[in-house]
Amino acid sequence: MPRVQGTRTGRNAELGLLLFAMVIVAIFGATVEANQLDKLGSSFWVPAVLLGVLFVGLHFVVRFTAPYADPVLIPTVALINGLGVGFLRRLDLARAIARKETIPGIFAGTSGRQLQWTLIAVILAAVLLLVVRDHKVVSRYAYTLGLVGIVLVMIPAVLPSRFSEVNGARLWIKLGGFQVQPGEFAKLALVSFFAYYLVRKREVLSLASRRVLGIDFPRGRDLGPVVTVWLLSLLVLVFEKDLGTALLYFGLFVVTLYVATERASWLIIGLVMFFGGVYVAYLLGAAIGGPFANFYDRASVWLDPFNPVFYNRVGGSGQLVQGLLGLGTGGLFGTGPGAGSPGQVPEVRTDFIFAGMGEEIGLFGLSALLVCYLLIVERGLRAGLAVRDSFGKLVAGGLAFTLGLQVFVIVGGITGLIPLTGQTTPFLSAGGSSLMANWLLVAMLLRISDAGRRPATGGPAAQPGGPKQPPAQLHGAMTEVIKP
């Protein structure tokens, strides 16, 4: 691709930040081994080097396929991913010591599988960058992606429990020893569909019927899309038994709608509809049980987690209480990587990895981790601001918000802010579905940021098939009105 003379792409800065991130991962791994084994092994550096080689390979793919992409995204995600692998290695070591087993190798145990999933996820991200050279191409398949997204969301709900249920939530497809969480990929497909739909329906959805307290509310006839997505989210809540997933899909649509129309009334309507529906589901669970019983139980556990009745129940509040105790034990600075007792927390490898790490890195460490997530979200929104076409703006904004909302949902559940969910912490928790889907999300943000940061005289704007319209700015959710 042609490059404007004298224009800085940020790729060298990206490489430097990436190497610095891997140094932090290596230090984390060394501290874990020193605390767990009372000595520093000869292979503590291997995971950091392997991950470094993998991420540097992705860096070179970006250098040649998306040279103007945001230089902060890959290093930040690589740091979180690397720390996740390091913490899973710490859990493998603790389990082997407790069982008096041989110390597992680098490629063994949960951390070894996470290394393999990271390899697959990064390769998928590289393939997406190689295949999708213009993000607007995705809009051609928007309706197909929308259908695929809905099917992926609904599959676990219609499967028998033995093929879809884990810890009370029906979010999985389990076949033998293999399991996948299709909802992780559904969110990517649905973002593209929502963006395409709202670009074309923005003018209609922006029309107001009346003004109340300074806020323009839409016409009743235009509520159809919101009501449809609201009903689908409630179906997810009832039949898949997970509040977080329902909130993720509905919140994604409402925020994308707000960004597209610049109407704060859509946020108000969305919040009232969602939480009103959740409250009604809770009341129905208390009154009649049936498909609403699981949500009622989860809400009851959330309201009184220290109740012995809930604590001793299978799938009750035991893991939530242990997670809260772990966070409290960590204090401000934590016990140190490898020096805590995160194994006391059930599901610490997946749902509660944030609590397990909190015990060892403390409030300051968790705050730094949350800042890394915030940085990814901010860079995603910045990509949406910079890109010149409406579809790209909505896709980037939707993807960034999806990642931020997912982090909020899981951290809110672990800290007792909202009922527990079946969501995983992006890039940190063990599991291939979340890792692959979120690396694809990052690859799409890289592609959009490349289009937005590329100088107009040498990039797609000056080439056939590039964006023909001047940059729009959003205000409210991004800066100005998006025009299709």
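Residues numbered from 1 in each chain as written. Predicted model: local features only at pLDDT ≥ 70, side-chain atom pairs only at ≥ 80, totals over all residues. Heavy atoms only, no water.

## Some remarks on the overall build of the protein chain
- In terms of regular secondary structure, the protein chain is built from 16 helices and 6 strands.
- Looking at the 484 residues of the protein chain, the share that counts as buried comes to 55%.
- Carbon together with sulfur atoms contributes 67% to the accessible area of the protein chain, which is approximately 20300 Å² in total. (Helix = DSSP H or I, 4+ residues; strand = E, 2+ residues; numbered from the N terminus. Buried < 20%, exposed > 50% of the residue type's maximum accessible area, 1.4 Å probe, protein only. Areas by Shrake-Rupley, 256 points an atom, 1.4 Å probe, with all protein chains shown as cover.)

## As for the packing of helix 4 (residues 109-131) against helix 16 (residues 432-453)
- Running from amino to carboxyl end, helix 4 crosses helix 16 at an angle of 30 degrees, the nearest separation of the two axes being 8 Å. If you check the angle between helix 4 and helix 16, you find them roughly parallel. Our pair here, helix 4 against helix 16, has a crossing hand that is right-handed. Contacts from Gln114, Trp117, Thr118, Ile120, Ala121, Val122, Leu124, Ala125, Leu128 and Leu129 in helix 4 reach Gly432, Leu435, Met436, Trp439, Leu440, Ala443, Met444, Leu446 and Arg447 in helix 16. (Axes fitted to C-alpha atoms, helices over the stretch in contact; angles between N-to-C directions. Parallel < 35°, antiparallel > 145°, perpendicular 65-115°, else oblique. Left-handed = near helix turned anticlockwise from the far one by under 90°. Contact = heavy atoms within 4.5 Å.)

## Focus: the confidence of the model for the protein chain
- Mean pLDDT over the protein chain: 86, with 90% of residues reaching 70 or higher.
- Model confidence for the protein chain, summarised as mean pLDDT per element, is weakest for strand 5 (residues 208-212) at 66 and strongest for helix 2 (residues 46-65) at 96.
- Confidence drops under a pLDDT of 50 for residues 458-484, and excluding neighbours within four residues, the segment shows 64 contacts in the predicted structure. (pLDDT = per-residue confidence, 0-100.)

## Describing the packing of aromatic side chains
- For the structure on display, the rule yields 11 aromatic pairs.
- Here Phe55 and Trp439 contribute two aromatic rings whose centre-to-centre distance is 5.6 Å and whose plane-to-plane angle is 25 degrees, an arrangement assigned as stacked. Of the two residues, Phe55 is situated in helix 2 and Trp439 in helix 16; the sequence distance between them amounts to 384 residues.
- For Trp439, a relative accessible area of 0% gives the class buried.
- Seen in terms of ring centroids, Phe274 and Phe275 are 5.5 Å apart; in terms of plane orientation they differ by 85 degrees. Their pairing is edge-to-face.
- Put simply, the rings of Tyr143, Phe193, Phe194, Tyr196, Tyr197 and Phe253 touch in pairs and so form one group of aromatic residues. (Phe/Tyr/Trp six-rings, centres within 6.5 Å; stacked < 30°, edge-to-face > 60°.)

## Thoughts on helix 8 (residues 224-239)
- Under the 1.5 Å per step criterion, the end-to-end length of helix 8 is 22 Å for 16 residues, consistent within 8% with the ideal 22 Å.
- In the core, the buried residues of helix 8 are packed alongside helix 5 (142-158), helix 7 (183-206), helix 9 (243-261), helix 10 (264-287) and helix 11 (293-303).
- Immediately downstream of helix 8, the backbone of Lys241 shows phi near 60 degrees, a positive value. (Expected span 1.5 Å × (residues − 1).)

## A short note on helix 7
- For helix 7, which comprises 24 residues, the first-to-last C-alpha distance of 30 Å sits more than 12% below the rise-based estimate of 34 Å (1.5 Å per residue).
- Where helix 7 bends most, at Arg200, the angle is about 60 degrees. (Bend = angle between axes of the 7 residues up to and from the residue.)

## Considering a nonpolar patch on the surface
- A cluster of nonpolar residues, Leu119, Ile123, Val127, Leu130 and Val131, forms a patch on the protein surface that exposes about 430 Å² of accessible area.
- With relative accessibility at 44%, the residue Leu130 sits in the partly exposed group. (Patch = residues over 30% accessible without salt bridge, like charges linked within 9 Å, V, L, I, M, F, W, Y side chains within 5 Å. Salt bridge = Lys/Arg side-chain N within 4 Å of Asp/Glu carboxyl O.)

## Overview of unusual backbone geometry
- Even without being a glycine, Lys100 presents a positive backbone phi close to 55 degrees.
- Relative to the assigned elements, Lys100 resides in the loop between helix 3 (73-98) and helix 4.
- Residue classification places Lys100 among the exposed residues on the basis of a relative accessible area of 78%.
- Even without being a glycine, Glu347 presents a positive backbone phi close to 55 degrees.
- In this fold, Glu347 is placed in the loop between helix 13 (318-330) and helix 14 (353-386).
- A relative accessible area of 32% means that Glu347 is categorised as partly exposed.

## Structural notes on the side chain of Gln319
- Inspection of the secondary structure assignment puts Gln319 in helix 13.
- The exposure class of Gln319 is buried, given its relative accessible area of 18%.
- With near-sequence residues (within four places) excluded, Gln319 lies in contact with Val345, Pro346, Glu347, Phe352 and Leu420.

## Observations regarding the nonpolar core
- Among the nonpolar cores identified, the biggest contains 126 residues, and Phe427 and Trp439 are the most heavily contacted of them.
- Ignoring anything within four residues of it in the chain, the contact list for Phe427 reads Val77, Ile80, Asn81, Tyr373, Leu403, Leu435, Asn438, Trp439 and Val442. (Core = buried A, V, L, I, M, F, W, Y, C linked by side-chain atoms within 4.5 Å.)

## Here we look at the pattern of salt bridges
- Counted under the stated rule, the structure contains 13 salt bridges.
- A salt bridge links Glu360 to Arg90; the shortest N-O distance between them is 2.7 Å. With Glu360 in helix 14 and Arg90 in helix 3, the pair connects residues that are 270 residues apart, well separated along the chain. Taken individually, Glu360 and Arg90 each receive the classification buried, so the pair is uniform in this respect.
- Here Arg382 and Glu378 are joined by a salt bridge, their closest N and O atoms 3.1 Å apart.

## Section: the packing of helix 8 against helix 10
- Where helix 8 meets helix 10, the axes come as close as 11 Å, and the angle between the chain directions of the two elements is 30 degrees. Taken together, the axes of helix 8 and helix 10 are roughly parallel relative to one another. Considering the relative orientation of helix 8 and helix 10, their crossing is right-handed. Mapping the contact onto sequence places Val226, Val227, Trp230, Ser233, Leu234 and Leu237 in helix 8 and Trp266, Met273, Phe274, Gly277, Val278 and Ala281 in helix 10.
- Partitioned by chemical class, the residues of the contact of helix 8 with helix 10 number 10 nonpolar, 2 polar and no charged. (Nonpolar A, V, L, I, M, F, W, Y, C, P; charged D, E, K, R; others polar.)

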